[in-house]
Amino acid sequence: MSRSTLRSFTLLALAATTALAVACGTGGQPARPDVVATTSIIATLTKAVAGNEVTVGTIVGPGIDPHEYEASADDAARIGNARVLLRNGIGLDASLDRVIASSGQKIVVTVTDGIQLRRGESEGGKPEDDPHVWHDPRNAKIMVDAIAKALSTAFPDKASTFAKNAAAYNGKLDSTDAEIRRLIEGIPAANRKMVTNHDAFGYFIARYGLTYVGAVIPSVSTAGEASAKQLAELQETIKREGVKAIFAENSVEPKVAREIAKDTKITIVDDLYGDSLGKPGSGADTLDGMLLTNARKIANALK
Ligand SMILES: [Zn+2]
């Protein structure tokens, strides 16, 4: 192939890629979705309820940290044009509050309302409400019901389909819950100890009888940072308790967690799904798939 042929071939390939990107919109999303969800977790639950009846858009996509997300003008337009906006609340998507308020969207539903919250760590040391409720499938079911209610209010003629889809997905969450329990029960009891990157897995830990030992970022937000003293104490605790692994999430670069794992000579699992779904095809691109993938990684590292 001559250099000029190669060049035109490259340009052609580039043009094809660009055309594909335009056709798919932002990450394969509909340009003007009927419903917009703030996070990938809420979006996947909404798609399970919506089926093919309405289109669903996501603001904070897979692999992206919702705690520190910066909204774009395009996000504001999609929120404003949708029939309803679904949010997590409890501080997780607070970075979007301003863009939601200025978008003109009147119907804003917090899908975690009514869930019993655990108190998690905060940078100030004062326990804070933990927004990562979906790591307990029972809470996810409450979210599914809230989403079905919100969609049925917005699109009343499709209510019976939403109710049917919600019941089917909640059944799936029940079987996922049972499967996770079996996986965690396979871990020797003395090894069921978790050190995480930020305090994001508290509901999972509580649901499946694991023990929370500490977090590298001792906060339910990723915005915090541990002091040198706190990190030294964490290292001591890891050694004293015989902790097997540190678990970090896919949406944050776990630099400090890696150093601590190295210093204490334990394993680091750096790809748990905490605050966001996995990419399409990862097996963690649904909530049930994400929870099950996490359980397998945890069981494997602690066995
Ligand atoms: Zn988080």
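Predicted, not measured: the structure shown is a model, and the values here were computed from it.

Calculation rules
- Residues numbered from 1 in each chain as written.
- Predicted model: local features only at pLDDT ≥ 70, side-chain atom pairs only at ≥ 80, totals over all residues.
- Heavy atoms only, no water.
- Helix = DSSP H or I, 4+ residues; strand = E, 2+ residues; numbered from the N terminus.
- Buried < 20%, exposed > 50% of the residue type's maximum accessible area, 1.4 Å probe, protein only.
- Contact = heavy atoms within 4.5 Å.
- Polar contact = N/O pair within 3.5 Å; in protein donor to acceptor, adjacent residues only side chain to side chain.
- Arc of directions from axis to C-beta.
- Donors = N, O, S within 2.8 Å, 3.2 Å for Na, K, Ca; no water.
- Tetrahedral: all angles 85-135°; square planar, octahedral: opposite > 155°, others 65-115°.
- Domains from an automatic or database assignment.
- Buried area = accessible area lost by both parts, 1.4 Å probe.
- Salt bridge = Lys/Arg side-chain N within 4 Å of Asp/Glu carboxyl O.
- Pairing = 2+ DSSP bridges.
- Axes fitted to C-alpha atoms, helices over the stretch in contact; angles between N-to-C directions.

### As for the environment of Asn250
Logical step 1: You can see Asn250 is positioned in the loop between β9 (245–249) and α9 (255–264).
Logical step 2: According to the relative accessible area criterion, Asn250 is partly exposed, its value standing at 25%.
Logical step 3: The residues contacting Asn250, other than those within four sequence positions of it, are Gly63, Asp270, Leu272, Tyr273, Gly274, Ser276 and Leu277.
Logical step 4: Within polar-contact distance, the side chain of Asn250 engages the backbone oxygen of Leu277 at 3.5 Å.

### Observations regarding helix α3 (residues 73–81)
Logical step 1: Considered for burial, the residues of α3 that qualify are Asp75, Ala76, Arg78 and Ile79. What you see down the axis of α3 is that its buried residues fit within an arc of 165 degrees, all on one side.
Logical step 2: Against the buried residues of α3 lie β1 (35–39), β2 (56–60), β3 (84–87) and α4 (97–102).

### Focus on the coordination of the zinc ion
Logical step 1: For the zinc ion, the protein coordination sphere consists of His67 (NE2), His132 (NE2), His198 (NE2) and Asp275 (OD), at 1.9 to 2.1 Å.
Logical step 2: Of note is the zinc ion, whose four donor atoms meet at the metal with angles of 90 to 119 degrees in an arrangement that counts as tetrahedral.
Logical step 3: Between consecutive donors of the zinc ion, the numbers of intervening residues give the motif H-x64-H-x65-H-x76-D. Separated by 208 residues along the polypeptide, His67 in the loop between β2 and α3 and Asp275 in the loop between β10 (267–272) and α10 (287–302) bring together distant segments of the chain.

### Quick notes on the domain arrangement of the chain
Logical step 1: If you check the domain split of the chain, you get domain 1 (13–177) and domain 2 (187–302).
Logical step 2: A C-alpha centroid distance of 24 Å is found between domain 1 and domain 2.
Logical step 3: Across the interface of domain 1 and domain 2, roughly 3000 Å² is buried in total on both sides, 55% from carbon and sulfur atoms.
Logical step 4: Of all residues in domain 1, Arg118, Glu121 and His135 bury the most surface against domain 2, accounting for 24% of the area lost on that side.
Logical step 5: On the surface where domain 1 and domain 2 come into contact, there are three salt bridges.
Logical step 6: A salt bridge links Asp177 to Arg207; the shortest N-O distance between them is 2.6 Å.
Logical step 7: Where the side of domain 1 that touches domain 2 is concerned, the elements lending two or more residues are α2 (40–50), β6 (128–129), α5 (137–154) and α6 (159–185).
Logical step 8: With five residues, α6 is the single largest residue contributor to the side of domain 1 that touches domain 2.

### A short note on the side chain of Thr222
Logical step 1: If you trace the backbone, Thr222 turns up in the loop between β8 (211–217) and α8 (228–241).
Logical step 2: Exposure remark for Thr222: the relative accessible area of 9% places this residue in the buried category.
Logical step 3: In terms of polar contacts, Thr222 uses its side chain to reach the side chain of Asp65, at 2.6 Å.

### Remarks on the sheet that holds β9
Logical step 1: Taken together, four strands build an open sheet; the order of strands is β8-β7-β9-β10 and the sheet is parallel. Both edges of this open sheet fall to β8 and β10, since each of them pairs with a single strand only. Strand-to-strand, the axes of this sheet are offset by a mean angle of 25 degrees, without reference to chain direction.
Logical step 2: Examined bridge by bridge, strand β7 (residues 193–198) and β9 share two bridges and lie parallel to one another. Bridged to Val195 within β9 is Ile246.
Logical step 3: Its contacts with the sheet put α8 on β7, β8 and β9, and the angle it makes with β8 is roughly 150 degrees.
Logical step 4: In the packing of α9 onto the sheet, contacts are made with β7, β8, β9 and β10, and the angle to β10 comes to roughly 155 degrees.

### Points about the pattern of salt bridges
Logical step 1: Overall, the coordinates contain 18 salt bridges when judged by the stated rule.
Logical step 2: The salt bridge partner of Asp74 is Arg78, with a shortest N-O separation of 3.9 Å. Of this pair, Asp74 and Arg78 both sit in helix α3, four residues apart, which is roughly one turn of the helix.
Logical step 3: Taking the relative accessible area as the measure of exposure, Arg78 reaches 4% and is therefore buried.
Logical step 4: In this structure, Asp270 and Arg258 form a salt bridge, with 2.9 Å as the shortest nitrogen-oxygen distance. Separated by twelve residues along the polypeptide, Asp270 in strand β10 and Arg258 in helix α9 bring together distant segments of the chain.
Logical step 5: For Asp270, a relative accessible area of 31% gives the class partly exposed.

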